[in-house]
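The residues making up each chain are set out below.
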Amino acid sequence: MLNEVRLIGNVGAEPEIRGTQGGDKVASIRLATSERWKDRETGEKKERTEWHSIVVFGPLVQVVEQYVKKGSKLFIGGQLRTRKWQDQQGNDRWSTEVVLSGFDAKLQMLDSAGGNGGGRNDYSGYQDGPGFGGSAGGTGGGPNFENGLDDEVPF
């Protein structure tokens, strides 16, 4: 089965960073995607905006914390998840979110880190990237290619 979501949009508010009971950080982003067209009958330009809830776990939270701001243009790739929760009156509610976690999570800034346009920064999965030092991997990271390739081949 395949559960993959890819979106390009603009961040609608400053990202919210919070802690879990286990001490890890989680980032929440509201991402707006827009569709534009011209009405065939009236010739009027139309636009529809969809708002998406994005939840980021793992090392990408640090990237969100340092670089993502309101108005940033992002490409994100994650998985769709629906969770059940209860409101203050005890009623069951459901929220559908795009979750970025694990090695296949994608977060690419389509404008510069300051939001001034021009640059592209790809902070996908568990790769090292500008803005955070060391290995970003949750299980010891991957191979270190800074000083050449690792010569040990498992076969």
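What counts and what doesn't
- Residues numbered from 1 in each chain as written.
- Predicted model: local features only at pLDDT ≥ 70, side-chain atom pairs only at ≥ 80, totals over all residues.
- Heavy atoms only, no water.
- Helix = DSSP H or I, 4+ residues; strand = E, 2+ residues; numbered from the N terminus.
- Buried < 20%, exposed > 50% of the residue type's maximum accessible area, 1.4 Å probe, protein only.
- Contact = heavy atoms within 4.5 Å.
- Areas by Shrake-Rupley, 256 points an atom, 1.4 Å probe, with all protein chains shown as cover.
- Pairing = 2+ DSSP bridges.
- Salt bridge = Lys/Arg side-chain N within 4 Å of Asp/Glu carboxyl O.
- Core = buried A, V, L, I, M, F, W, Y, C linked by side-chain atoms within 4.5 Å.
- pLDDT = per-residue confidence, 0-100.

*Asks:* Mind showing me how you'd approach the overall build of the chain here?
*Replies:* Of regular secondary structure, the chain possesses 1 helix and 8 strands. Along the chain direction, N to C, the helices and strands of the chain fall in the order β-β-β-β-α-β-β-β-β. Within the chain, the proportion of its 155 residues that are buried is 30%. Expressed as a percentage of contacts within the chain between residues at least 6 apart in sequence, the contacts between residues at least 24 apart total 50%. Of the roughly 10700 Å² of accessible surface on the chain, a fraction of 46% belongs to carbon and sulfur atoms.

*Asks:* Would you mind showing me how to read the pairing of strand E2 (residues 16–19) here?
*Replies:* The side chains of a regular strand alternate between both faces of the sheet. The sheet contact formed by E2 and strand E3 (residues 25–38) spans 4 bridges and is antiparallel. Bridged to Arg-18 within E3 is Val-26. Counted between consecutive antiparallel strands, the loop separating E2 from E3 contains 5 residues, among which Gly-23 sits at a positive phi close to 95°.

*Asks:* Just checking my understanding: could you explain the pattern of salt bridges for this structure?
*Replies:* When their charged atoms lie close together, side chains carrying opposite charge are able to pair. For the structure on display, the rule yields 8 salt bridges. When the shortest N-O distance is used, the salt bridge between Arg-48 and Glu-35 registers 3.1 Å. Of the two residues, Arg-48 is situated in strand E4 (residues 45–56) and Glu-35 in strand E3; the sequence distance between them amounts to 13 residues. Overall, the relative accessible area of 41% leaves Arg-48 in the partly exposed class. Residue classification places Glu-35 among the partly exposed residues on the basis of a relative accessible area of 41%.

*Asks:* Any chance you could explain the nonpolar core here in plain terms?
*Replies:* Soluble globular proteins tend to bury their nonpolar side chains together. Residues Ile-54, Val-56, Leu-74, Ile-76, Leu-100 and Leu-107 are the most contacted members of the largest nonpolar core, which totals 21 residues. Mapped by element, the contributors of at least two residues to this core are strand E1 (5–11), E3, E4, helix H1 (60–67), strand E5 (73–86), strand E6 (92–100) and strand E7 (106–109). With 5 residues, H1 is the largest single contributor of residues to this core.

*Asks:* How should I be thinking about the confidence of the model for the chain in this particular structure?
*Replies:* Caution applies to low-pLDDT regions: their predicted coordinates should not be interpreted in detail. Looking at the chain, pLDDT values average 81 and 72% of them are 70 or higher. For the stretch residues 126–151, pLDDT sits under 50, and the model shows 26 contacts to residues farther than four places along the chain or on other chains.

*Asks:* Honestly, the environment of Asp-104 in this entry has me stumped. Any pointers?
*Replies:* Within the fold, Asp-104 resides in the loop between E6 and E7. The class for Asp-104 is partly exposed, based on a relative accessible area of 42%.

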